[in-house]
Amino acid sequence: MSGRVVLLVTSPRLPAGVLTAQAWDLVRAHPVLTADESEQAAALRAAGATVTAGAHDVDALIAAIAAHGTVVWLAGPDGDEQLARELGLRLAREPGLAELELLYGSWDPPGARLLDVVTVMDRLMHPEAGDPWKRAQTHASLAHFLLEEAYELYDAIRDEDAEAVREELGDVLLQVVLHARLAEETSGFGVDAVAGDLVAKLIRRNPHVFADAEVGGIEEIIANWEQIKKAEKARGSAVDGVALSQPALALAAKLLQRVERAGLDVSNPGPETLGGELFALVARARTEGLDAEDALRTAALDYIEAVRRAERR
């Protein structure tokens, strides 16, 4: 009867020793070989498995199979694809030597690559081996990059360019992680606190999903969100918390929205000034269900195309 070699693949993004019950049964029952010492190898050894690390090649594996019948190869973080390929070819040429199995002892959960982002950022921010430019930044010096990346994402969304959306989302994520990493050194909180606050907020503001609240539709979901948000913020005015740095048309629309939701009757600025006229246009756009900021941007883009056509004549 031929022997067996089991290629055990584990996620490098999970804590060492986090394995399925099937994987634990396997490594406790059979000798484990691996190329290098690792946290995973140490965790298996500490739990009673026999783990041998070293420069094992295909011949060494075949010899171990002959001696033990079944051996486990603990793959490294990259999956040891070259060794697996060579072993597979050898066993295909000599099928009586052993059977090759693949077992996933653990795998990446959704969002696991975000851990890689944090790891890379820690490396970039290392005091000695990191990137001097990033280490020299502050929240203030990076603020305009955040706006720039957000606008580039907005452009990609308007263009319905899925590849660009994917790239620009990454650039926005970079800003979030970098700001959180700076805060870790200056303000006493890091990306885990940011993510934790977000998780708590999402659960708190969606009781129709995470609790027993019943809703009759989208409008009621929005109303619940606003009520919960109002209770959390305890603001003194309906316009407190509005981002004042946003473009002026968007700012005017947001103020009008807040006043409408608060049920207030406040007159718009007088039309005798240019600002008052523009504000009145934004108010008119809201009554017509239009986005004044988007409308002006569309007109500006149309003007750009008209300029280019004129230049080509």
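Keep in mind the model is a prediction, meaning the values are calculated, not measured.

Definitions and cut-offs
Residues numbered from 1 in each chain as written. Predicted model: local features only at pLDDT ≥ 70, side-chain atom pairs only at ≥ 80, totals over all residues. Heavy atoms only, no water. pLDDT = per-residue confidence, 0-100. Helix = DSSP H or I, 4+ residues; strand = E, 2+ residues; numbered from the N terminus. Expected span 1.5 Å × (residues − 1). Buried < 20%, exposed > 50% of the residue type's maximum accessible area, 1.4 Å probe, protein only. Arc of directions from axis to C-beta. Contact = heavy atoms within 4.5 Å. Polar contact = N/O pair within 3.5 Å; in protein donor to acceptor, adjacent residues only side chain to side chain. Pairing = 2+ DSSP bridges. Axes fitted to C-alpha atoms, helices over the stretch in contact; angles between N-to-C directions. Salt bridge = Lys/Arg side-chain N within 4 Å of Asp/Glu carboxyl O.

1. Some thoughts on the confidence of the model for the protein
For step 1, the next point in the chain: Residues with a pLDDT of 70 or more make up 99% of the protein, whose mean pLDDT is 92.
For step 2, the next point in the chain: The spread of mean pLDDT over the elements of the protein runs between helix 11 (residues 218-233), the lowest at 86, and helix 8 (residues 162-186), the highest at 97.

2. So, helix 14 (residues 292-312)
For step 1, the next point in the chain: Along its 21 residues, helix 14 runs 31 Å from first to last C-alpha, staying within 8% of the 30 Å computed at 1.5 Å per residue.
For step 2, the next point in the chain: Those residues of helix 14 not exposed but buried are Ala292, Glu293 and Arg297. Buried residues of helix 14, viewed axially, fall in a sector of 130°; they line one side.
For step 3, the next point in the chain: Buried residues belonging to helix 14 abut helix 7 (139-158), helix 12 (248-262) and helix 13 (274-287).
For step 4, the next point in the chain: Where helix 14 begins, the capping side chain belongs to Asp291, and its oxygen is found 3.0 Å from the backbone nitrogen of Glu293.

3. What about the sheet that holds strand 5 (residues 98-104)?
For step 1, the next point in the chain: Read from one edge to the other, the open sheet built from 5 strands follows the order 3-2-4-1-5, with strand pairing classed as parallel. Where the open sheet ends on each side, the last strands, each with one partner, are strand 3 (51-53) and strand 5. For this sheet, the mean inter-axis angle between neighbouring strands, taken without regard to orientation, is 25°.
For step 2, the next point in the chain: Bridge analysis of strand 2 (residues 32-34) against strand 4 (residues 70-74) gives 3 bridges, and the strand direction is parallel. Across the sheet, Val32 pairs through a bridge with Val72, a residue of strand 4.
For step 3, the next point in the chain: Those strands touched by helix 4 (residues 81-93) are strand 1 (3-9), strand 4 and strand 5, and its axis lies near 150° from that of strand 5.

4. Let's talk about the pattern of salt bridges
Any two side chains of opposite charge can pair, given that their charged atoms come close.
For step 1, the next point in the chain: Summed over the entire model, instances satisfying the criterion amount to 19 salt bridges.
For step 2, the next point in the chain: Its salt-bridge partner being Asp59, residue Arg90 comes within 2.9 Å of it at the nearest N-O pair. Taken together, the residues Arg90 in helix 4 and Asp59 in helix 3 (residues 58-68) connect sequence positions 31 residues apart.
For step 3, the next point in the chain: A salt bridge links Glu293 to Arg297; its shortest N-O distance comes to 3.4 Å. You can see Glu293 and its partner Arg297 sitting in helix 14, 4 residues apart, about one turn around the helix. As far as the burial class goes, Glu293 and Arg297 line up, both buried.
For step 4, the next point in the chain: Within this structure, Arg13, Asp108, Arg113 and Asp116 form a network of salt bridges that share partners.

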